[in-house]
Amino acid sequence: MVKILVLYYSRSGNTETLAKAVAEGARSVEGVTVEMKRVDYATVEDIISCDGMAVGSPNYFGYMAGIMKDYFDKAWSVRDKLAGKPYIAFTCGGGSRNTALLSIEHVLNAFKMEKVADGIAWGLRDHGPPSERDLTPLRKLGETLAKEVLKRKVETPKE
Ligand SMILES: Cc1cc2nc3c(=O)[nH]c(=O)nc-3n(C[C@H](O)[C@H](O)[C@H](O)COP(=O)(O)O)c2cc1C
């Protein structure tokens, strides 16, 4: 079994809806367990112990939420344990600009984590509130991450 952490923040629920779809997609892959954690309930141990991670944040002023940045600031001390970990990212904003998405990718790149698929910057003005109907790309993103994590685990077994 490999473990995927879906780490997210959400205040009014939109990013959480996206996070649930990503988690659902990842869970659909056999041999994968998924844990969803809102970042204010996550510890640094959560990021260490997972095999791969999906990170989702609202777009605040063109950046990830401050609380998410704060989490990564704290995780910097354990960066040697995170290098090479596969991840994907997603964001939700009023608009569809991808600056918040890029801010997550920039930070995880500094951790030397590996992006395994292009993320999604959901824009409420263009797409409306995320609903069951149009979450297929988010599910697909979760599924892609899960398959990639599983593949790497098989290729480089620890025991
Ligand atoms: C403090 C604050 C700053 C925001 N800044 C932006 C922004 O720069 N660009 C944007 O597209 N949306 C911005 N938004 C809109 C949010 O990204 C959007 O409402 C998002 O869906 C919130 O996610 P949530 O429902 O998961 O909390 C901002 C919202 C707040 C509360």
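Up top is the structure.
If you're wondering where the values come from, they're calculated on a predicted model, not measured in any experiment. Numbering of residues starts from 1 in each chain and follows the order in which that chain's sequence is written. Residues qualify for local features only when their pLDDT is at least 70, as the model is predicted, and side-chain atom pairs are given and counted only at 80 or more; totals for whole chains, interfaces and linings, by contrast, use all residues. Side-chain calculation: all heavy atoms of the structure are included, whereas hydrogens and water are not.

Peer 1: Go over the overall build of the chain with me, naming the residues and quoting the values.
Peer 2: For helices the rule is a DSSP run of H or I covering at least 4 residues; for strands it is a run of E covering at least 2, with both sets numbered from the N terminus onward. Secondary structure assignment for the chain yields six helices and six strands. Order of helices (α) and strands (β) in the chain, N terminus to C terminus: β-α-β-α-β-α-β-α-β-β-α-α. In terms of overall size, the chain behaves like a compact globule, its C-alpha atoms giving a radius of gyration of 14 Å where 159 residues would be expected to give roughly 15 Å. Residue contacts are defined here by distance: any two heavy atoms, one from each residue, within 4.5 Å place the two residues in contact. Restricting to contacts in the chain with at least 6 residues of sequence separation, those with at least 24 account for 79%. When we talk radius of gyration, it's over C-alpha atoms, and the globule rule is simply 2.2 Å times the number of residues to the 0.38.

Peer 1: Lay out the packing of aromatic side chains with the relevant residues and their values.
Peer 2: We describe a pair of aromatic rings using the distance from one ring centre to the other and the angle between the two ring planes. Aromatic pairing here means that ring centres of Phe, Tyr or Trp (its six-membered ring) are within 6.5 Å. Orientation follows from the plane angle: under 30 degrees is stacked, over 60 is edge-to-face, and everything else is tilted. Taken as a whole and assessed by the stated rule, the structure comprises three aromatic pairs. With a centroid separation of 5.8 Å and 75° between ring planes, the pair formed by tyrosine 71 and phenylalanine 72 is classed as edge-to-face. Exposed residues in this analysis have more than 50% of their type's maximum accessible area, buried residues have under 20%, and partly exposed residues fall in between, with area computed by a 1.4 Å probe over protein chains only. Under the relative-accessibility criterion, tyrosine 71 is labelled buried at 5%. Relative accessible area serves as the criterion here: at 2%, phenylalanine 72 is assigned to the buried category.

Peer 1: Explain the site of the ligand residue by residue, including any values.
Peer 2: Proximity criterion: a residue is near a molecule or strand once any of its heavy atoms comes within 4 Å of it. In the vicinity of the ligand lie 16 residues, with Ser10, Arg11, Ser12, Thr15 and Asn59 positioned nearest. Between N or O atoms, a polar contact is any pair within 3.5 Å; within protein, one atom must be a potential hydrogen donor and the other a potential acceptor, and residues adjacent in sequence are included only when both atoms are from side chains. Note that an oxygen atom of the ligand is positioned 3.1 Å from one of the backbone N or O atoms of glycine 62. Residue cysteine 92 places a main-chain N or O atom 3.2 Å away from an oxygen atom belonging to the ligand. Note on areas: Shrake-Rupley with a 1.4 Å probe; residue coverage comes only from the protein chains shown. In the complex, 71% of the free accessible area of the ligand, which totals 640 Å², lies under the protein chains.

Peer 1: Outline unusual backbone geometry, listing residues and values.
Peer 2: If you check the backbone angles, phenylalanine 61 has positive phi at about 55° while not being a glycine. Relative to the helices and strands, phenylalanine 61 resides in the loop between strand 3 (52–58) and helix 3 (66–75). Classification of phenylalanine 61 as exposed rests on a relative accessible area of 87%. The phi dihedral of lysine 112 is positive, around 65°, even though this residue is not glycine. Within the secondary structure layout, lysine 112 lies in the loop between helix 4 (99–110) and strand 5 (114–115).

Peer 1: Could you give an account of the side chain of glutamate 105, with specific residues and numbers?
Peer 2: With respect to the helices and strands, glutamate 105 occurs in helix 4. Owing to a relative accessible area of 12%, glutamate 105 belongs among the buried residues under this scheme. A polar side-chain atom of glutamate 105 sits 3.4 Å from a polar atom in the side chain of lysine 115.

Peer 1: Lay out the pattern of salt bridges with the relevant residues and their values.
Peer 2: Each reported salt bridge corresponds to a side-chain nitrogen of Lys or Arg within 4 Å of a carboxyl oxygen of Asp or Glu. If you walk through the whole model with that rule in mind, you get 14 salt bridges. Here arginine 38 makes a salt bridge to aspartate 40, at a shortest N to O gap of 2.5 Å. Across the pair lysine 115 and aspartate 118 runs a salt bridge, and its minimum N-O distance is 3.3 Å. By relative accessible area, which is 37% here, lysine 115 ends up partly exposed. Salt bridges here are not isolated pairs; linked through shared partners, they connect Glu114, Glu148, Lys151 and Arg152.

Peer 1: Account for the environment of glutamate 35, with residues named and values stated.
Peer 2: Position of glutamate 35 among the secondary structure elements: in strand 2 (residues 32–38). Taking C-alpha positions, glutamate 35 is 5.0 Å from leucine 5, a pair spaced 30 residues apart along the chain. If near-sequence neighbours (up to four positions away) are discounted, glutamate 35 is found in contact with Lys3, Ile4, Leu5, Val6 and Asp46.

Peer 1: Account for the side chain of aspartate 46, with residues named and values stated.
Peer 2: Positionally, aspartate 46 belongs in helix 2 (residues 44–49). There is a polar contact of 3.0 Å between the side chain of aspartate 46 and the side chain of lysine 37. When residues no more than four places from it in sequence are discounted, the contact partners of aspartate 46 are Leu5, Glu35, Lys37, Tyr41 and Tyr71.

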